[in-house]
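Each chain, written out:
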Amino acid sequence: MSSVHFDGYPHVICAQQFSRKWLEEEFLPLTDEMEEIFKLGGCEVLKGKRMFSFFYQPSTRTRISFQMAMEYLGGRTVFATENAREFSSARKLETLRDTFLVINRYRPDAIVIRYDHDIGAKFAADVSRAPVLNAGDREPGQHPTQALLDLRTIFKCRGAIDGLKIAMVGDLDKGRTVRSLSYLLGKFSGIQLYFVSPANTGMGEDIKMYLHKHEVPFAEHTDLRVVAPEVDVIYQTRAQTECGTLLDMSEGYFIVDRTITGLMKKDAIIMHPLPRVDEITTDVDDDKRAVYLTDQIDSGLFARMALLKIILAPDA
Ligand code: CP
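All of these numbers come straight from a predicted model, not from anything done at the bench.

Caption draft 1: Representation of the overall build of the protein within the structure. When its secondary structure is counted, the protein shows 11 helices and 9 strands. Expressed as lengths along the three principal axes of its C-alpha atoms, the size of the protein is roughly 55 × 45 × 40 Å. Residue burial in the protein is summarised as follows: out of 316 residues, 55% are buried. Here the analysis covers contacts within the protein between residues at least 6 apart in sequence; of these, 74% occur between residues at least 24 apart.

Structure representation (structure tokens):
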């Protein structure tokens, strides 16, 4: 058994569960081990373990990387639906509670869920024997495994988390990735956050209260050109149009383009949880500071491998 566990183990529901000690002593070192295992072509540490994957919302990265993480560790995804709202009995109005009570009878070792309402993973975990891993939920919205991979990306690219200045840009109101990442960053020292968004899509009051409590200074802006020269990380996000967001671009400057890269520090990085629409212009992709299509994707796989290993084979 690992020496440090996260709160609520083995379920992964929200980013507040992870302590700095767990992140630094368990999670981050294990992601490096997972990278080595990946380079060697995989291992059998999860042999015999079975994962279910229930997605009620579209996904490319999270769904595939969880399945590939299982694959690289020798486990299996024995059931996966990419549209549970349509193709599971949710279509016939079965409740999430009943669904999880039933699927637990098949004895899965882990269940990954992306739910489209409320804190779905929390409700599922309340009745689930198998560990539940939140792959993104709504209202208030969290994506804890994304926050873990984002933290790993920053750590690998910058060498440390403490003392960094980080800009979060775009739809901060509905974007669940920036909410979960804020919770994680609040555990570190000397962090300064810059929230860059139109007024009607600003960061939620619950996150701001958390940051106040953890003495993380933050400032709100509407012009990324002012912020770009200051920061070590620009974390861009897309408008969550499926949730009704309409970003009013006339309110300021929110796009990452060549103007912004021209203002950034040489060793700063540009991140995005993806999918990208048009909030980062494609001519930025080849900039060596852009990691959203490279290191950030790799960290997604290694972070989920590490998490599955910690939960499904802690003694191995
Ligand atoms: N970042 C992220 O959650 O991407 P997907 O929606 O493609 O899983």
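Caption draft 2: Up close: the site of the ligand. Looking at the ligand, the residues that line it are Ser59, Thr60, Arg61, Thr62, Arg114, His143, Gln146, Pro273 and Leu274. Here an oxygen atom of the ligand sits 2.6 Å away from a polar atom, N or O, in the side chain of Ser59. Leu274 places a main-chain nitrogen or oxygen 3.2 Å from a nitrogen atom of the ligand. Coverage of the ligand by the protein chains reaches 91% of its 250 Å² of free accessible surface. One can see that the ligand is located within the largest pocket.

Caption draft 3: Region of interest: the packing of helix α7 (residues 176–185) against helix α8 (residues 205–213). Direction vectors running N to C along α7 and α8 enclose 10°, while the axes themselves pass 10 Å from each other. Comparing their axes, α8 and α7 come out roughly parallel. For the pair α7 and α8, the contacting residues are Arg179, Ser182 and Tyr183 in the first and Asp206, Ile207, Tyr210 and Leu211 in the second. For the contact of α7 with α8, the class distribution of residues is 4 nonpolar, 1 polar and 2 charged.

Caption draft 4: Looking closely at the sheet that holds strand β4 (residues 132–134). Spatially, 4 strands are ordered β2-β1-β3-β4 in an open sheet, and the strand pairing comes out parallel. Looking at which strands have only one partner, the edges of the open sheet turn out to be β2 (76–81) and β4. Along the sheet, successive strands turn relative to each other by an average axial angle of 20°, direction set aside. Alignment of strand β1 (residues 50–55) against β2, held across 5 bridges, turns out to be parallel. Along β2, the bridge assignment pairs Phe54 with Thr81.

Caption draft 5: Examining the pattern of salt bridges more closely. Summed over the entire model, instances satisfying the criterion amount to 24 salt bridges. Close ionic contact of Arg138 with Glu242 constitutes a salt bridge, the shortest N to O distance being 4.0 Å. With Arg138 in the loop between β4 and α6 (144–158) and Glu242 in the loop between β8 (233–236) and α10 (258–263), this residue pair connects regions lying 104 residues apart in the sequence. Put simply, Asp32, Glu35, Glu36, Lys39, Arg152 and Lys156 are held in one network by salt bridges that share partners.

Caption draft 6: Just the sheet that holds strand β5 (residues 165–169), in detail. Strand order in this open sheet of 5 strands is β7-β6-β5-β8-β9, and the pairing throughout is parallel. Two strands lie at the open edges of the sheet, namely β7 (218–221) and β9 (269–271), each paired on one side alone. Sheet twist, expressed as the average angle between the axes of neighbouring strands with direction ignored, equals 20°. Lying on the sheet, α6 is in contact with β5, β8 and β9; it crosses β9 at an angle near 165°.

Caption draft 7: How the structure looks around the domain arrangement of the protein. Considered domain by domain, the protein is made up of domain 1 (15–142 + 297–312) and domain 2 (145–295). Placing the centre of domain 1 and that of domain 2 at their C-alpha centroids yields a distance of 25 Å. Of the residues lining the interface, 32 residues belong to domain 1; the matching set on domain 2 comes to 30 residues. Both sides together, the interface formed by domain 1 and domain 2 hides about 2600 Å², and carbon and sulfur atoms give 54% of it. Where domain 1 packs against domain 2, one counts 5 salt bridges. A salt bridge links Glu35 to Arg152; the nearest nitrogen and oxygen atoms lie 2.9 Å apart. Where the side of domain 1 that touches domain 2 is concerned, the elements lending two or more residues are α1 (20–39), α2 (61–72) and α11 (295–312).

Caption draft 8: The arrangement of the layout of surface pockets in detail. Quantified by volume, the largest pocket comes out at close to 390 Å³. As for the largest pocket, its lining consists of 21 residues, and the residues nearest its centre are Arg114, Arg176, Arg238, Leu274 and Pro275. At the level of elements, α2 and α7 are the ones that each hand at least two residues to the lining of the largest pocket. Among the domains, domain 1 (15–142 + 297–312) and domain 2 (145–295) are the pair contributing at least three residues each to the lining of the largest pocket. Considered as a void within the structure, the second largest pocket measures approximately 220 Å³ in volume.

Thresholds applied
Residues numbered from 1 in each chain as written. Predicted model: local features only at pLDDT ≥ 70, side-chain atom pairs only at ≥ 80, totals over all residues. Heavy atoms only, no water. Helix = DSSP H or I, 4+ residues; strand = E, 2+ residues; numbered from the N terminus. Buried < 20%, exposed > 50% of the residue type's maximum accessible area, 1.4 Å probe, protein only. Contact = heavy atoms within 4.5 Å. Near = heavy atom within 4 Å. Polar contact = N/O pair within 3.5 Å; in protein donor to acceptor, adjacent residues only side chain to side chain. Areas by Shrake-Rupley, 256 points an atom, 1.4 Å probe, with all protein chains shown as cover. 1 Å grid on protein atoms, 1.4 Å probe; cavity = no way out; pocket = protein on both sides within 12 Å on 5 of 7 lines; lining within 4 Å. Sits in = over half its atoms within 2 Å of the grid points. Axes fitted to C-alpha atoms, helices over the stretch in contact; angles between N-to-C directions. Parallel < 35°, antiparallel > 145°, perpendicular 65-115°, else oblique. Nonpolar A, V, L, I, M, F, W, Y, C, P; charged D, E, K, R; others polar. Pairing = 2+ DSSP bridges. Salt bridge = Lys/Arg side-chain N within 4 Å of Asp/Glu carboxyl O. Domains from an automatic or database assignment. Buried area = accessible area lost by both parts, 1.4 Å probe. Points joined across faces, edges and corners; volume = space filled by probe spheres on them.

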